[in-house]
Every structure is written in C-alpha cells, then in structure tokens.
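A closer look at the structure
Here is how the chains run, residue by residue.
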Amino acid sequence: MAQALKKLTVQVLKNNNVENIIGSTAVRTNSTWWNNVQMGPPDVILGITEAFKRDTDPKKVNLGVGAYRDDEGKPFVLPSVRKAEEILHSRYLNHEYAPIGGEAAYTDAVAKLAFGADSPVLKEKSNCTVQTISGTGALRLGFEFISKHYAKNKEIWLPSPTWGNHPQICNTLDISHNKYRYYDPKTHGFDLQGAIEDIRKIPEGSIILLHACAHNPTGVDPRPNEWQQLSQVIKEKKLFPFFDMAYQGFATGNVDNDAFAVRLFVKEGHQVTLTQSFAKNMGLYGERAGALTFLCGDEESAAKVLSQVKIMVRTMYSNPPLFGSRIVQEILTNPELEKQWLVDVKQMADRIISMRTQLRAGIEGAGNKRSWQHVTDQIGMFCFTGLKPEEVDRLSKEFHIYLTKDGRISVAGISSKNVNYVAESIHKVTS
Amino acid sequence: MGSRFQVVQQGPPIEVFQLNRLFTEDSHKNKVNFSVGAYRDENGKPWVLPVVRKMEKQLAADDTLLHEYLPVLGLEQFTNASVAMLLGKDNPAIAAGRTFGVQVLSGTGGLRVGAELLNKHLKHTTFYYSSPTWENHHLVFINSGFTTPRTYRYWNAKTRAIDFDGLIEDLRNAPENAVILLHACAHNPTGIDPTQEQWEKIADVMQERKLFPFFDSAYQGFASGDLDRDAWAVRYFVKRGFELVCAQSYAKNFGLYSERVGNLAVVMSDASLAAAVKSQLTWIVRGMYSNPPAHGARVVANVLSNPQLFDQWREHIKLMSSRVIQMREALRAELIKLGTPGSWDHIVKQIGLFSYTGLTPRQVEYLVQEYHIYLLKSGRINICGLNPGNIQYVAKAFHDAVTKFPGDDDTRAKL
C-alpha cells in the first residue's frame, strides 16, 4: 500500500500546474480544483492493523490495537452498558437537539466522577464542564479555547513521549508545543529528576499537559509522592496544568485511585483543565462520549468561559451526539448500574494486570537476561517493552506479532491463549 | 488565586437558543414556538419517525452489535448510501469513482470539515453566502480559516422574492476561486428557492467566473416531499461538469437531530485524486474528533439500504412535508379571512420548514411580548410551530401586529 501511495503522490505533484486549474471554457472534465492537494502521511497504527489483517499465519497476534479485548480476543460490551441501553430503549426518548454544551445531568455526573462528589469546586460551581466528542474532541476544544482566550504563554508542554495526536492537534491549531522529560528508557520508568529539571525551565504561565493515569504510550505513571512533587514545582513555576484522563477506572480498577492526581492538584489549589473519555472505561469507543472541564475559580468566570466554549462548539458541530452520553449518564446516576459498572471496569483492569503478570513470568521463566519488572510496574492498556526497532521487526516478520516500532504493546491484545507464545517470542528476539 | 479566566469576555447569546429558552420558561397557555428549526407534529410535539423507532428496536435487540470505533471517514455503507441518495444511484459520477462521502457531525460538521479542506488544502480564502442565510454559516467558514466573507443578494423584502438580478450581478463580480455557499433546497431562513431556470443561470455565471459551489443540503425530501426533486440543483451542477462539495444533514429528514448524522459529499473531475483528498480529510477529522459517532449513521444506513424501509421512510417525509404545506395554506387562508393588510402569497410560495414572513422587528417584538409568540427578529418562523389548534390565534396576532405597527413604505406589502 505504501508503494501505491508513493506513486500517487508523485502523480499528484507532477500534475501541479496552473493551467490544469484554470482549465477550458466549457465543461471542467479535464481540469480539477484538487491538483494541489498533497497526499497526507499514512497512519502508523492503521498500517499495523492492515499488515496484521493480511497475515495468514494462525499464530498471529495484534498488539497494536488500542481497544480492550476479552480473553477470547473479542471486543467486550460491558454488562452495565447493555443494561443501560435496555433501560434507555424502553423509555422511547426522542432525538431532539441537545444543548450546545450537552445535557446538565450528564455534565454534572461526569464532573462528579472526575473530581469526587464532595469536591469544593463542584459545590461552588466554578467548573465549566461541557460534553465533547470523546477525548479527542475535548482536547481539540480545550486547546482551541486556549489559543483564542488564554492570556498567558500559549505554549503547551507535552510529556516525552505522548499520544501521537497531542502534538498533531497543536499543529492543526498553530499552537507551539514542546517536551519535558517523562519516560526513562534506562529504567523503563518515570524520570522524576528529568521531569522536574525540565519543568523548572518552562516559561511561567505555559500550559503543561499531564496524563492523569495509565500514560499512553508508556504505561508509566508517577507514584503519589511523585505527583506531590510535580504539583509543587508546577505551582512554583505558575504553570497551567492540563490533564488528559482517558482511562479513569481502567488503570487500577478503581475510579477514585485513578483520579488521584487530578484531585490532588485541585486540592493543592491548581485551576486544572481536564479532558475525559468514556471510550475505554465504558467501552463506548464509537459513540464518542467525552467531556471537557475548565476550573475557573468562580461561578461568574465559569459562565463566561461556557459562553465562549459554546460559540466554538456551534461552529464545529453545533451540539453533541446523545446516544453515548445518555448511556454514560444512565450508568452514573443509577446506583445499581453504577455498582455494576465499577465491577465491569475492575474486571477489565484485572484482566490486563493478570496478563502483565503472566507475560513477565513467561519471559523471565524462559531465562531471559534482561529485566522485565517494568511489564508489571507499568499500568493500563499499554506497555513500553523497551524492544528495539530491529527486535520489533523480527517479531512481526518471524513471529507474526504486530506492535508499533517504539516497542509499545497493547496488553489488551494478550490473552491466556497467546501469552505463552508472545512471551517465548519476545524472549527469542531479545536473546 | 484569582481566576486566569477573568479576562474572558462574555460571549453574545445565540438568538435562536435564547428565544427557545424564553419559550420554555414561559407559562402562558397560548404560547407558540416559532424559533428552533425542528419538526413538530400537529400536537406541537417532536416526532420520532416510526421507521427510526423500528430500526432502533432492531439494533437494541441485536446482541452482536458492538461499540467499536468507526473508520475515521465514517461508516462506508452510510456514506455510499448518502452519496447515492444525493446524486441518484445511477449517476455516472458514482460509477466513474469520482465522488465519495465522508461521515460528519450532521450539517454543521459537514460545513466545517468541507470548509477546512477548502481553506487548508485548496487554499480558498473568499466565501460568499446569501443575504440572508443561516446564521451559523459565517462563523463556520471564518473559524475554518477563510479570511474574506462576502454576501450575494438574495431576499428582496419589497417583493418577498429573490432579487435575482442582484444575485447574478454579485456573483459576476466575485473574484475567481471564491467559494459560493448555495442552499440545495428549502432556503433557510427565507424558504424561497431559485427556479430551475434560475439555477441554470447561476451555473452559467459560476462557470464563467470559475466559482466553486459548496452546497448545504439540510432538507432533502423535506422540502417538496420528493428526494429527487429536492436534489435537482445539486445534480444539475454535477451534470454541468462542476466539481463541488455538499454538506448533507439527516437531522430533519430523519428526525435524528441529536445523533449528529451527516455526510460530506465530494465530487471531483478526476477520480485518481480521491486518495490524496481522503488522506487530508482523515487528518482534518483526526485533529477534531478522531472518528464520528456510530449510532445515528447505523440507523440511516440500514434504512437507506433496505428497499422496504426506504419506502417507509419516503412516506414519513411526505407526511412531514405535507403537514408543513397544509399549515402554510391554512395560515394564508386565515389571514385573508381576517382581511389582514398586505399580500401573504409568499407564505405558500415558500418551501420547507421556514417562512420569512416579512414581519418587521417592531411587529415581532409585539408578538413576543403581547401574544407569547416566539419568532426571530428577522421575521422567520418555523411553520411547524403551527397546528390546527393555534392557527386562528396566530393569524389574529399577526393581524393585530401588522395593523398596530404598520411597516414603513419599503417593507409594507402591496394591498
């Protein structure tokens, strides 16, 4: 496919000449407006999935997928979600437009989930919370709001590494972005020293993006006392913390534990901005349920911020889709369903943790000389194995195991059926 | 710590939503809502199309259905069916592979993604919209990066018809490569559409001046009750050899307002460029929301792909558009019966959800305050706000407003 794309690019560039655009006087069949369009860069993850699909080997394993899979390797619709859908369906709701910022019952519920029901910021109504098109939509809206209304230093500092779409969205909006050290390739863990050193150098008033839990792509999260230190230095440097929480509940299996960092920062007085996604923790991937919150200090400011956010939403998609958010709302406001959901999400998190344990045991058990502690130290869907590009290459070519070149695996792709094979294969390419 | 957001200015309220809120909060027993553009049945209630209910029931009962991510450009079954519905399934452009669709967040999403593509990759900077037009058009394009907004004359308040000479003159003076926003049918807010002859002349001047057509199709089927008739203008432009984009919405014709179901149809003259264009659209979507919501698109795709359900849906559209036409006739008849000053023919000549009544701001203010009838300052009403139960009340109110606050000479209709 890459070859075909390359060919097309050359063709497009060759056709890049003015006469084609101005064209003939009659019908435009031979001229086109589109000659100047450059072929965009191919999507890396998609490339891996396609290579996996083409592979006919029965042993093949896809460790590139960023969606949860059960032990059969199948997508998992949460029982609490099924129940919620039944309940909602029986109500025969209509499909009238949602308010621009989403339904109040939804935004209240998701804000409570993130900040805790007793959070003072919710009591004083200083939060501006709106429904968004899942996590990506929240990030886009949040960054765009910053680019239009933020009065201080409009530069976003991202952890190194981070989700590929973070810098991409910044580029789309022409917001400058930079990196602070985060992942230590030597320890496969968190580089606290490096992070603090770099954060100390960030210009005052800049925005610093933090993954609330289950860091993507490394799976490396700071420990509670490390979060404390980060909070301190960020306060010292008067930076603006922007949390991306895409895995609440999915990391440790406990929603309050996973929100620890966000709530700590709020307690320490930071006015955080927060994006939430329900793609993974409720398995609602394609229904695009998410939220964006600005903590504005007071109710009046929150109202002003909301009025501006609404204008931005209106020019992007007018108002949000309700199917997914209604499910989220139903679960979070129905005590029985919420209880079921907490069990469901813990079940997913536990399976991931169990696979990590078995994977590590398998590699170590094969007598591998490297340290694999990070496999169980890391948390969430992803694991930065430390595998080098050549080793990754061998895994796909010789063993039909697919993952991204940076050595990231999606633990969700591992099951009791393939964990031994994966462990052996990793052992073989690293011996 | 003080809030870093104190510098943020309060944004201006959006009229149609503010009005809707006022209506909701009003407890007056005769209140009438003419503001928001959504279909209402004869009891003034939202109407979920039976075929939609049926499909949702089917989907709810399907245990194999998942919530996995859709492709970035959307559900292919949906986008193919949408393009076929817009252009006609036998359109040679489809067979030639030079048209495709991208699933988007309803009509607004289609406009935004289309505008981003045109500005960021095709380098368009000037756009034209009708005077008046849907209030959101302007900012969607500005926020997509267009730098030069212009209008073309459209509504003539005196004649309550299209100022066609003005329209042609303005397009003739447009700079080459300007993007021209056209309403495919059921113009919002006026309800007045060009005739076929007028569309032909518009196409002539656009070809001459090398202008790029961007169609907004929010009411296919809903305007005349006939899907093909409502798509005539778009199909004509394609037949003439234009390249174009069209934002299609399923909010009104499927009653799926809150599920944000839309398609951006792209028609090019050269099929080999599709891959490059799709790749850039992929990046635009990825940077905005990654991939579109699945539920609504599934409903539409399933209905459009099943001949029986498609037929049922066509019946629903006929029902909705007929009720609108009936109410138009009823209002005009009632106004004539009361001997209300002015000509009210425009109400039945106009088509679709909306009518530009020609009422002045002062008359509108009076209607809101005195009669609790909520309509936009521009005089736009959503015909669906009318039903057999309130026609007489509304006609009487209009009569009162028009006689109490006669418009000035320019806007006063001929007796």
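Residues numbered from 1 in each chain as written. Chains lettered and ligands numbered in written order. Predicted model: local features only at pLDDT ≥ 70, side-chain atom pairs only at ≥ 80, totals over all residues. Heavy atoms only, no water.

**A word on the overall build of chain A**
- Each helix and strand in chain A was counted, giving 18 helices and 13 strands.
- Taking 431 residues into account, the globule formula puts the C-alpha radius of gyration at 22 Å, and chain A, at 23 Å, falls close to it.
- Taken over the C-alpha atoms alone, chain A extends approximately 70 × 60 × 55 Å along its principal axes.
- With 431 residues in all, chain A has 59% of them scored as buried. (Helix = DSSP H or I, 4+ residues; strand = E, 2+ residues; numbered from the N terminus. Rg over C-alpha atoms; globule rule 2.2 N^0.38 Å. Buried < 20%, exposed > 50% of the residue type's maximum accessible area, 1.4 Å probe, protein only.)

**Observations concerning the packing of helix α2 (residues 50–61) of chain B against helix α13 (residues 307–338) of chain B**
Residue and element names in this part refer to chain B.
- Put simply, α2 and α13 touch, their axes get as near as 8 Å, and they point 145° apart. Contacts between α2 and α13 involve P50, V51, K54 and M55 from the first element and L309, Q312, W313 and H316 from the second.
- Classifying every residue of the contact of α2 with α13 gives five nonpolar, two polar and one charged. (Axes fitted to C-alpha atoms, helices over the stretch in contact; angles between N-to-C directions. Contact = heavy atoms within 4.5 Å. Nonpolar A, V, L, I, M, F, W, Y, C, P; charged D, E, K, R; others polar.)

**Quick word on the pattern of salt bridges**
- Summed over all chains, the structure comprises 40 salt bridges over all chains.
- Its salt-bridge partner being R314(A), residue E135(B) comes within 2.9 Å of it at the nearest N-O pair. Of the two residues, E135(B) sits in the loop between β3 (126–131) and α6 (137–143) while R314(A) sits in helix α13 (residues 299–314), which places them in two different chains.
- Its relative accessible area of 45% is what places E135(B) among the partly exposed residues.
- Residues participating in the shared-partner salt-bridge network are R140(A), E144(A), K148(A), R112(B), E116(B) and K120(B). (Salt bridge = Lys/Arg side-chain N within 4 Å of Asp/Glu carboxyl O.)

**Brief notes about the nonpolar core**
- Core analysis: the largest hydrophobic core is formed by 131 residues, its most contacted members being W34(A), F141(B), W313(B), L331(B) and I373(B).
- A total of nine residues in this core trace back to one element, the largest contributor, which is α13(B).
- If we skip the residues at most four places from it in the chain, F141(B) touches L111(B), A115(B), F127(B), F146(B), V179(B), L181(B) and F214(B).
- Core analysis: the next-biggest nonpolar cluster, separate from the first, contains 63 residues, V65(A), A84(A), I331(A) and I409(A) among them. (Core = buried A, V, L, I, M, F, W, Y, C linked by side-chain atoms within 4.5 Å.)

**A look at the state of the cysteines**
Residues and elements named next belong to chain B.
- For the structure shown, the criterion picks out zero disulfides over all chains.
- Here C185 is not cross-linked by a disulfide; its sulfur's nearest cysteine counterpart is in C246, at 9.4 Å.
- The class for C185 is buried, based on a relative accessible area of 6%. (Disulfide = S-S within 2.5 Å.)

**Regarding the pairing of strand β7 (residues 179–183) of chain B**
Residue and element names in this part refer to chain B.
- Across the five residues that make up β7, a large majority, five, are buried.
- Residues V179, L181 and H183 of β7 are buried on one face, and the alternating residues I180 and L182, pointing to the opposite face, are buried as well.
- As judged from the two bridges shared by β3 and β7, these two strands associate in the parallel manner. Paired with Y128 across the bridge in β7 is I180.
- Where β7 meets strand β8 (residues 212–217), five bridges bridge the pair, whose relative direction is parallel. The residue bridging H183 from the neighbouring strand is D216, located in β8.
- Assessed by its sense of winding, the connection that carries the chain from β7 through helix α8 (residues 196–208) to β8 is right-handed. (Pairing = 2+ DSSP bridges. Right-handed = clockwise from strand over helix to strand, strands pointing away.)

**Some details on the sheet that holds strand β2 (residues 127–133) of chain A**
Residue and element names in this part refer to chain A.
- Spatially, seven strands are ordered β2-β10-β9-β8-β7-β3-β4 in an open sheet, and the strand pairing comes out mixed. Only two strands of the sheet have a single partner each, and these edge strands are β2 and β4 (176–181). Going from strand to strand, the sheet's axes swing by 25° on average, the running direction of each strand aside.
- The strands touched by α13 within the sheet are β2 and β10 (289–295), with β2 carrying the most contacts at an inclination of about 20°.

**So, the interface of chain A and chain B**
- Of the residues lining the interface, 87 residues belong to chain A; the matching set on chain B comes to 88 residues.
- Across the chain A to chain B interface the summed buried area is about 7500 Å²; carbon plus sulfur atoms make up 57%.
- For the pair chain A and chain B, the number of links is five salt bridges.
- We note a salt bridge from E144(A) to R112(B), for which the minimum N-O separation is 3.8 Å.
- There are 32 residue pairs in polar contact (both at pLDDT 80 or more) connecting chain A and chain B.
- Those elements that place two or more of their residues in the side of chain A that touches chain B are α1 (2–14), α4 (79–90), α7 (134–149), α8 (165–172), β10, α13 and α14 (322–333) of chain A. (Buried area = accessible area lost by both parts, 1.4 Å probe. Polar contact = N/O pair within 3.5 Å; in protein donor to acceptor, adjacent residues only side chain to side chain.)

**Comments concerning the sheet that holds β7(B)**
All names here are of chain B.
- The strand order across the open sheet built from seven strands is β2-β10-β9-β8-β7-β3-β4, with neighbouring strands paired in mixed fashion. Each having just a single partner strand, β2 (99–105) and β4 (148–153) make up the two edges of the open sheet. Between one strand and the next, the sheet's axes are offset by a mean angle of 25°, whatever the strand orientation.

**A look at the packing of helix α17 (residues 389–399) of chain A against helix α18 (residues 419–429) of chain A**
Residue and element names in this part refer to chain A.
- With their axes 10 Å apart at the nearest point, α17 and α18 run at an angle of 125° to one another. In this view, α17 runs oblique relative to α18, as classed from their interaxial angle. Seen from above, α17 lies across α18 with right-handed handedness. Between α17, through E391, R394, L395 and F399, and α18, the contact on the second element is made entirely by Y421, S425, I426, K428 and V429.
- For the contact of α17 with α18, a count of residues per class yields five nonpolar, one polar and three charged. (Parallel < 35°, antiparallel > 145°, perpendicular 65-115°, else oblique. Left-handed = near helix turned anticlockwise from the far one by under 90°.)

**Regarding the environment of I401(A)**
- The residue I401(A) is located in strand β12 (residues 401–402) in this model.
- For the pair formed by I401(A) and H149(A), sequence separation is 252 residues and the distance between their alpha carbons is 46 Å.

**Brief notes about the environment of A174(B)**
- With respect to the helices and strands, A174(B) occurs in the loop between α7 (164–172) and β7.
- Here A174(B) is in contact with Y128(B), R209(B) and L211(B), once residues within four sequence places are set aside.

**Overview of the side chain of H295(B)**
- Relative to the helices and strands, H295(B) resides in helix α12 (residues 294–305).
- A residue is classified by how much of its surface remains accessible, and H295(B), at 7% relative accessible area, is buried.
- The contacts of H295(B), once residues within four sequence positions are left out, are E287(A), F323(A), E56(B), L59(B) and E259(B).

**Structural notes on α17(A)**
Residue and element names in this part refer to chain A.
- Within α17, burial applies to E391, V392, L395, S396 and F399. The arc that holds the buried residues of α17, viewed along the axis, is 135°, so those residues lie on one side. Projecting away from the buried face of α17 at angles above 90 degrees are the exposed residues E390 and K397.
- Here the buried face of α17 lies against β12 and α18.
- H400 sits one or two residues past α17 and shows a positive phi near 60°. (Arc of directions from axis to C-beta.)

**With respect to the packing of aromatic side chains**
All names here are of chain A.
- Per the counting criterion, the structure on display carries 40 aromatic pairs over all chains.
- Between F52 and Y402 the ring centres are 6.0 Å apart and the planes differ by 80°, which places this aromatic pair in the edge-to-face class. Taken together, the positions of F52 in helix α3 (residues 44–54) and Y402 in strand β12 put the pair 350 residues apart, joining distant regions of the chain.
- With 6.4 Å between their ring centres and 65° between their planes, Y106 and F278 make a pair best called edge-to-face. (Phe/Tyr/Trp six-rings, centres within 6.5 Å; stacked < 30°, edge-to-face > 60°.)

**Quick notes on the side chain of H137(B)**
Residues and elements named next belong to chain B.
- Along the chain, H137 turns up in helix α6.
- Using a relative accessible area of 0% as the deciding quantity, one classes H137 as buried.
- A polar side-chain atom of H137 sits 2.8 Å from a polar atom in the side chain of T133.
- Within the structure, the side chain of H137 is placed 2.7 Å from the side chain of D216, a separation counted as a polar contact.

**Considerations on the confidence of the model for chain B**
Residue and element names in this part refer to chain B.
- In this model, chain B carries a mean pLDDT of 94, and residues with pLDDT of at least 70 account for 97%.
- Contacts from residues 409–415, a stretch scored under 50 in pLDDT, to residues over four places away or in other chains number 13 contacts.
- On the interface metric, ipTM, the complex scores 0.94, and its pTM is 0.93. (pLDDT = per-residue confidence, 0-100.)

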